[in-house]
Amino acid sequence: FKMSMKLRDLIRKVRACKTAAEERAVIAKESAMIRTAIREEQEHYRHRNVAKLLFMHMLGYPTHFGQLECLKLIASPHFPEKRIGYLGMMLLLSEQADVLMLATNSLKNDLNAKNKFVAGLALCTIGNLATSDMSRDLAPEVDKHLKAPTPYLRKKACLAMARCLTKCPDMVDDFVDRVVTLLKDKSHGVLITVVQLMTVVLLVDVQNAEEEGIEDITETPCRVAFLRLVPALVKLLRNLLSMGYSPEHEVGGISDPFLQVQILTVLRLLGTNNEEASEEMNDVLAQVATNTETSKNAGNAILYECVQTIMATESEDSLRVLAVNILGRFLLNRDNNIRYVALNTLARCVEEQKHSGGSVLVASGENANSAASALQRHRTTVVDCLKDPDISIRQRALELIYHLVNQENVEDLTAELLNYLVLCPREHRADICARVLRVVDTYSPDDRWRVDTLITMLTIAGRETSTDVQYATIVYISRSSEDIQAYATHKLLKAIRDDDGTQLGLLEVGIWCIGEFGDFLLNPYSYEIPAKLDEPSSTVSFMQLDAATVVDTVEAVTKRHSCPQTVKERSLTCFAKLSDRYADKADPATLSRLHELIKKNQDSHSLELQLRSCEYDALLNAAKGISTPAGGNKDDDIFGVTTEPGVVSAQVISAAKEALARMPVVDLKVLQRKQAAAHFGEIGMGVVPRTNGTANGAAAKGGDLLDLEDIFSSGAPAAAPVVATETQNGSSAPAAQPAKSDVDLLADIFSASALPSQAAAPPTSMGGVDLFAAPALSQPAAPAVINPMDLFGSPPPPALAASVPLSADPFGS
Amino acid sequence: MISFLLMVNKQGQTRLSSYYEWISMAERVALESEIIRKCLSRSELQCSFLEYRGYKVIYRRYASLFFIVGTKPDAGGEENQENELGMLEFIHTLVETMDKWAGSICELDIMYQLEQVHFLLDEMVMNGYIVETNKSNVLRPIDLMERESYKAENMFR
């Protein structure tokens, strides 16, 4: 019969362990001993063993074999055993434990014990553990203790009842009136617990009302009863404030701050959306706000709660001014905790105001007392918080800044946001970029700034930006004037040169721009930044570049190891376009170099690169009027360009040239509609009918041939396959549309989702691309062509049939 | 309401843990180590509040021990309305109470008198809500119960 260890000895032993393995060994050994003791029903050491189990449980070891022991202990008549038994139950058991039910009887007995400590133990356990069945069973007993002679039991009973009511919400109405009497209690312990009970009951009540579908929650019997108590609560609070020095409850010179905070919380719940209640509490809130000491944390805690209550209830304007001023003072406090709390509250208030007020924040029209105007006043402080070393504060400040942005300060604030972007951790960057995009969408003062900001953002965080940002940048650039386009392209080229190949977004957008607007690069560019308040005017200028340098830059990007597939694909397109742009402007050496660069990928391992390479090669040849090499395979003539050997017709040449011409401008409204649909509509569901509808609409107009509405299926790769199926009309099955349609903008634009699959088939079956089959576009060709071009909104009238397929790049990549 | 209350030392060893919301053992271990790591990585100048997996965490360091409280919205509430500054005060009151009880509390006291510390805590917090903040109202019953236990134990022996 081994002497069992005392808990102390076990702790000492575990402490002495040098390694985790040693600790596990010690615990395992002791665990085994305890299990043996339990099996042998050694009553003597039950108390000690359970104590040891609690210790082992805290360390994280399994202790479920001890659960029944706890139950045996609580049935013991000896106080220390009971005590440890109940503690064991509270720590080792969860409310899901099956054995918990077995305790109900013991609990009932102990609740009725004469010894108040025993009753207290039972109440404590019920308060922490009761299940809904136990609650229903024991509630009447708990209720008796609400009227117990000693406050010791009353306060415990309050919270035990709170638990019972949370578990059995339907019992709420029965116990509402108990609260009324308890509020008059003298003991602060009882007061704080009964106020918390009220809070819990109110929340349960709201939940009940929601479940039963009651619209107006102000009419529930519970709430009506509690609303009648508002004056009593107000009186209680007032007494606390005017209480003289009472050593029992004061903390830092303030009497019972905990109780004050709890009362304010309950007042908030009662005063929300209730004019009458809010009026009743007006004075006392003002009193708290003005008289509370701010030098100690306790005082600030009360003020914090008070501000929240003022903001949430229907308080008078003067009160709101007070609250806002308090928040303003908090923001300037040196204590980080207080600033954090202020930022948090401001963000919440502004958020709520936005939702209820509905309108976007306009500082000028806003009520001077609102959180919004306070926010504007403290703008510099908030911006400073963005640079705080504490990350919690930085994040809160970030939230607030989004709310702060308006037409006047957008430039400054965006600059701050971009500064922050440089320093902020990777995980948060994507989110910030998305938000900056939204800011740019809504508040840009002019095109140049917009494009500028987006490019800067891509330079800083191109890697983390989503494709939305990239697409948006491209759209904005393409919609701008030629001047801005030139600026953008110059800027992008410079950025790419300076970049080390990591900013993927920048590369994608940049290479696209260079391809599209490469001709602008051959001219120098400069513009003047107008003089501002404290800065003289300055000029930003870019040198002109020669074609070779441009090609060099793009080539350098593709040569890097780290260059991803998509960038290489895009650069092929870029080279093809540059061939066209520089056709008359660059030296022949560069032009042939471009052609070579394209041909280089003819044997590439990547199917896509190979495809583009071959097709662009053929396209360039067609544009130059070069027919397939004499004696070459008929198969080399991908597009059936040459009907007679050695001759390429003029129409074909012009068709090829148009294929490479500038992309038409996207209709922004269509884009936004599409984006909205992508966000709300189910992917696939919303998209299909819509495109059909608007397609017909466009047909009716006859214009908007290049209604590129389906192009920017950003973020909805599934939309691409939908689009493909819609247009296929029976022609080759879409196959698995790669998500690349998401990334490859141009694939989207020309909805080549239809075509690559066709192209993948042996070259001869280039059904949809048979445009060049005959010198003249005959009508029969048109219908065949229309299928893939369905996207562009219409079976265009025959007269236009010629131009529709031509201007669209059927190669789609 | 309070979801959990931890006392963890700087080496990451938990000296006391009290959960008012049942979490599985594996999750507890993970939670405790994550949170203490976060607390340790913060400097004195940073604020005492963190967010961790939906919990609003308030912590404070006293000598070698971190007192960590995790809060969640009340049942039925959607937003966590817990007053962080108030919780800081409460942690301080708890430490002062323990200090008075032990006559200058230190980590070893908590380690070797684990049950008594739990009893003390149970007098102040029940089911995640505050029961009593007045030190004497907490310590008097503790004292009486100790005496009763002592008597009973002697009889028992």
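The rules we used
Residue positions within a chain follow its written sequence, with the count starting from 1. In the order they appear in the text, chains get letters beginning with A and ligands get numbers beginning with 1. Only residues with pLDDT of at least 70 are given local features in this predicted model, and only at 80 or more are side-chain atom pairs given and counted; all residues enter the totals for whole chains, interfaces and linings. Calculated side-chain values reflect all of the structure's heavy atoms, with hydrogen atoms and water omitted. The helix and strand labels rest on DSSP assignments: H or I over at least four residues marks a helix, E over at least two residues marks a strand, and numbering proceeds from the N terminus. Here's how the labels work: a residue is buried when its accessible area is under 20% of the maximum for its type, exposed when over 50%, partly exposed in between, all with a 1.4 Å probe on protein chains only. Two residues qualify as a contact provided that any one of their heavy atoms is within 4.5 Å of a heavy atom in the partner residue. For accessible areas, the Shrake-Rupley method is used with a probe of radius 1.4 Å. Any residue's cover is judged against the shown protein chains and nothing else. To pair, rings of Phe, Tyr and Trp, with the six-membered ring standing in for Trp, must have centres within 6.5 Å; the planes then decide the type, stacked if under 30 degrees apart, edge-to-face if over 60, and tilted in the middle. To sit over a ring, a charge needs its Lys NZ or Arg CZ within 6 Å of the ring centre and within 35 degrees of the ring normal. In this analysis the probe radius is 1.4 Å and the grid spacing 1 Å, with only protein atoms considered; a cavity is a set of points the probe fits into but cannot get out of, a pocket is an open set with protein on both sides within 12 Å along at least five of seven lines, and lining residues have an atom within 4 Å of a point. Grid points are joined across faces, edges and corners, and a volume is the space filled by probe spheres set on the points. Amino acids are sorted into nonpolar (Ala, Val, Leu, Ile, Met, Phe, Trp, Tyr, Cys and Pro), charged (Asp, Glu, Lys and Arg) and polar (every other residue, Gly among them). A carboxyl oxygen of Asp or Glu within 4 Å of a side-chain nitrogen of Lys or Arg is what we treat as a salt bridge. Accessible area that two parts lose when put together, with a 1.4 Å probe and added across both, is what the buried area reports. Pairing of N or O atoms within 3.5 Å defines a polar contact, subject to two protein rules: one partner must be a possible hydrogen donor and the other a possible acceptor, and residues neighboring in sequence count only if both atoms are side-chain atoms. The criterion for strand pairing is that DSSP finds at least two bridges linking the strands in question. Axis lines are fitted through C-alpha atoms, for helices just across the contact stretch, and the angle between N-to-C directions can take any value from 0 to 180 degrees. Residues grouped as a nonpolar core are buried Ala, Val, Leu, Ile, Met, Phe, Trp, Tyr and Cys residues, joined through side-chain atoms within 4.5 Å. Confidence per residue, as judged by the predictor, is encoded in pLDDT with a range of 0 to 100. In this scheme, roughly parallel covers angles under 35 degrees and roughly antiparallel covers those over 145, while 65 to 115 is roughly perpendicular and the rest are oblique. Crossings are assigned a handedness: left-handed for a near helix turned anticlockwise from the far helix by less than a right angle, right-handed for a clockwise turn. The length a helix should cover is 1.5 Å for every residue beyond the first. Our arc is simply the arc of the directions from the helix axis toward the C-beta atoms.

**Examining the overall build of chain A**
Here's step 1: Along chain A, the regular secondary structure elements total 41 helices and four strands.
Here's step 2: Classification of the 813 residues of chain A by burial places 57% in the buried group.
Here's step 3: Of all intrachain contacts in chain A linking residues separated by at least 6 positions in sequence, the fraction that spans at least 24 positions is 68%.
Here's step 4: Just so you have it, chain A exposes about 34500 Å², and 54% of that area is on carbon and sulfur atoms.

**Section: the packing of aromatic side chains**
Aromatic ring pairs: the centre-centre distance and the angle between the two ring planes describe each pair.
Here's step 1: Taken as a whole, this structure holds 10 aromatic pairs over all chains when the rule is applied.
Here's step 2: When the centroid spacing of 6.0 Å and the interplanar angle of 90° are considered together, the rings of Phe-258 of chain A and Phe-90 of chain B count as edge-to-face. Residue Phe-258 of chain A is found in helix α14 (residues 257-271), and its partner Phe-90 of chain B is found in helix α2 (residues 84-102); the two belong to separate chains. Each of the two residues, Phe-258 of chain A as well as Phe-90 of chain B, counts as buried.
Here's step 3: A ring pair is formed by Tyr-62 of chain B and Phe-67 of chain B, whose centres lie 5.5 Å apart and whose planes are at 90°; its orientation type is edge-to-face.
Here's step 4: The ring of Phe-119 of chain B carries Arg-83 of chain A above its face, with NZ or CZ at 3.8 Å from the centroid.
Here's step 5: Between the NZ or CZ atom of Arg-450 of chain A and the centre of the ring of Tyr-476 of chain A, over which it lies, the distance is 4.5 Å.

**So, empty space enclosed by the protein**
Here's step 1: Per the stated rule, a full pass over the model turns up 12 cavities of 30 Å³ or more.
Here's step 2: Lining of the largest cavity is provided by 13 residues; of these, Leu-121 of chain A together with Phe-119, Asp-122, Glu-123 and Met-145 of chain B occupy positions nearest its centre.
Here's step 3: Contributing elements (two or more residues each) for the lining of the largest cavity: α5 (79-92), α7 (116-129) and α9 (151-167) of chain A together with α4 (114-124) and α5 (135-156) of chain B.
Here's step 4: Across the lining of the largest cavity, the residue classes tally to eight nonpolar, one polar and four charged.

**Some thoughts on the pattern of salt bridges**
Side-chain pairs of opposite charge can arise whenever the charged atoms involved come near each other.
Here's step 1: A complete count under the given rule lists 42 salt bridges over all chains for this structure.
Here's step 2: Taking the shortest distance from any N to any O, the salt bridge between Arg-570 of chain A and Glu-508 of chain A comes out at 2.7 Å. On the criterion of sequence distance, the pair formed by Arg-570 of chain A in helix α29 (residues 565-581) and Glu-508 of chain A in helix α27 (residues 504-517) is long-range, its members being 62 residues apart.
Here's step 3: Relative accessible area serves as the criterion here: at 5%, Arg-570 of chain A is assigned to the buried category.
Here's step 4: Put simply, Arg-15 of chain B and Glu-107 of chain B hold a salt bridge, and the shortest N to O gap is 2.8 Å.

**Considerations on the environment of Gly-85 of chain A**
All names here are of chain A.
Here's step 1: Along the chain, Gly-85 falls in helix α5.
Here's step 2: Placed 39 residues apart in sequence, Gly-85 and Arg-46 show a C-alpha to C-alpha distance of 9.3 Å.
Here's step 3: Not counting chain neighbours up to four residues away, the residues in contact with Gly-85 comprise Cys-70, Leu-73 and Ile-74.

**Some words on the interface of chain A and chain B**
Here's step 1: Taken together, the contacts link 70 residues of chain A with 58 residues of chain B.
Here's step 2: Together, Met-58, Arg-83 and Phe-258 of chain A form the three largest contributors to the area buried by chain A at its contact with chain B, with a combined 12%.
Here's step 3: Summed over the shared surface of chain A and chain B, the number is four salt bridges.
Here's step 4: Here Glu-123 of chain B ties to Lys-156 of chain A by a salt bridge, and the two come within 3.1 Å at their closest N and O atoms.
Here's step 5: At the surface where chain A touches chain B, the tally comes to 19 residue pairs in polar contact (both at pLDDT 80 or more).

**Digging into the side chain of Gln-46 of chain B**
Here's step 1: Following the sequence through the fold, Gln-46 of chain B ends up in the loop between α1 (25-41) and β3 (49-52).
Here's step 2: Using a relative accessible area of 17% as the deciding quantity, one classes Gln-46 of chain B as buried.
Here's step 3: A polar atom in the side chain of Gln-46 of chain B sits 3.1 Å from the backbone nitrogen of Ser-43 of chain B.
Here's step 4: Those residues in contact with Gln-46 of chain B that sit more than four places away from it in its chain are Asn-336, Pro-389, Asp-390 and Ile-391 of chain A.

**Quick word on the sheet that holds β3 of chain B**
Residue and element names in this part refer to chain B.
Here's step 1: The five strands lie next to each other as β2-β1-β5-β4-β3, forming an open sheet whose pairing is antiparallel. Two strands bound the open sheet, and with one partner strand each, they are β2 (14-19) and β3. Direction aside, neighbouring strands of the sheet carry axes that sit 20° apart on average.
Here's step 2: The sheet contacts of α1 involve β1 (2-9), β2, β3, β4 (55-62) and β5 (65-71), and relative to β3 the element is tilted by about 145°.

**A few points about the environment of Thr-465 of chain A**
All names here are of chain A.
Here's step 1: Looking at where Thr-465 falls in the secondary structure, it is placed in the loop between α24 (447-461) and α25 (467-479).
Here's step 2: Taking the relative accessible area as the measure of exposure, Thr-465 reaches 8% and is therefore buried.
Here's step 3: Remark: the alpha-carbon pair of Thr-465 and Asp-431, spanning 34 residues in sequence, is separated by 8.4 Å.
Here's step 4: Discounting chain neighbours no more than four positions away, the residues touching Thr-465 are Cys-433, Leu-458, Gln-470 and Gly-505.

**Some remarks on the nonpolar core**
Note that soluble globular proteins tend to have their nonpolar side chains buried in a common cluster.
Here's step 1: With 262 residues, the main nonpolar core has Met-89 and Phe-226 of chain A together with Met-7 of chain B as its most contacted residues.
Here's step 2: Residues contacting Phe-226 of chain A, with those up to four places away along its chain left out, are Val-176, Val-179, Met-198, Val-201, Leu-202 and Leu-270 of chain A.
Here's step 3: Of all hydrophobic cores here, the second largest spans 16 residues; its members include Ile-23, Leu-31, Tyr-55 and Tyr-59 of chain B.

**As for the confidence of the model for chain B**
Here's step 1: When the pLDDT values of chain B are averaged, the result is 90; 97% of them are 70 or greater.
Here's step 2: This complex was scored by the predictor with a pTM of 0.70 and an ipTM of 0.94.

**A closer look at unusual backbone geometry**
Residues and elements named next belong to chain A.
Here's step 1: In this structure, Asp-256 takes a positive phi of about 35° despite not being glycine.
Here's step 2: Considering the arrangement of structural elements, one finds Asp-256 in the loop between β2 (254-255) and α14.
Here's step 3: Its relative accessible area of 1% is what places Asp-256 among the buried residues.
Here's step 4: One non-glycine residue, Asn-273, adopts positive backbone phi at about 60°.

**Re the packing of α9 of chain A against helix α10 (residues 172-182) of chain A**
The angle between the axes and the distance between the axes are what describe a pair of packed helices.
Residue and element names in this part refer to chain A.
Here's step 1: In contact at an axis separation of 12 Å, α9 and α10 are set at 155° when each is read in the N-to-C sense. Classified by the interaxial angle, the pair formed by α9 and α10 is roughly antiparallel. Considering how the two elements wind past one another, α9 and α10 form a crossing that is left-handed. Contacts from Arg-154, Cys-158, Met-161 and Leu-165 in α9 reach Val-172, Phe-175 and Leu-182 in α10.
Here's step 2: The class makeup of the residues in the contact of α9 with α10 is six nonpolar, no polar and one charged.

**Concerning helix α28 (residues 547-559) of chain A**
Note on helix geometry: an α-helix contains 3.6 residues per turn, so any two residues three or four positions apart are oriented the same way.
Residue and element names in this part refer to chain A.
Here's step 1: An ideal rise of 1.5 Å per residue puts 18 Å on 13 residues; α28 measures up with 18 Å between its terminal C-alpha atoms.
Here's step 2: Within α28, burial applies to Ala-547, Val-550, Val-551, Thr-553, Val-554, Glu-555, Val-557 and Thr-558.
Here's step 3: On the buried face of α28, the contacting elements are α26 (482-498), α27, α29 and α30 (588-599).

**A short note on helix α6 (residues 104-111) of chain A**
Residue and element names in this part refer to chain A.
Here's step 1: Along α6, the residues that are buried comprise Thr-104, Ser-106, Leu-107, Asp-110 and Leu-111. Down the axis of α6, the sector holding all buried residues measures 160°, keeping them to one side. Projecting away from the buried face of α6 at angles above 90 degrees are the exposed residues Asn-105 and Asn-109.
Here's step 2: Close packing links the buried residues of α6 with α4 (67-74), α5, α7 and α8 (132-145).

**Comments concerning the packing of α10 of chain A against helix α11 (residues 188-212) of chain A**
All names here are of chain A.
Here's step 1: Where α10 meets α11, the closest approach of the two axes is 11 Å, and the angle between their N-to-C directions is 150°. Between α10 and α11, the interaxial angle falls into the category roughly antiparallel. As α10 runs across α11, the sense of the crossing is left-handed. The residues of α11 that touch α10, namely those facing Val-172, Val-179 and Leu-182, are Val-190, Leu-191, Val-194, Leu-197, Met-198, Val-201 and Val-204.

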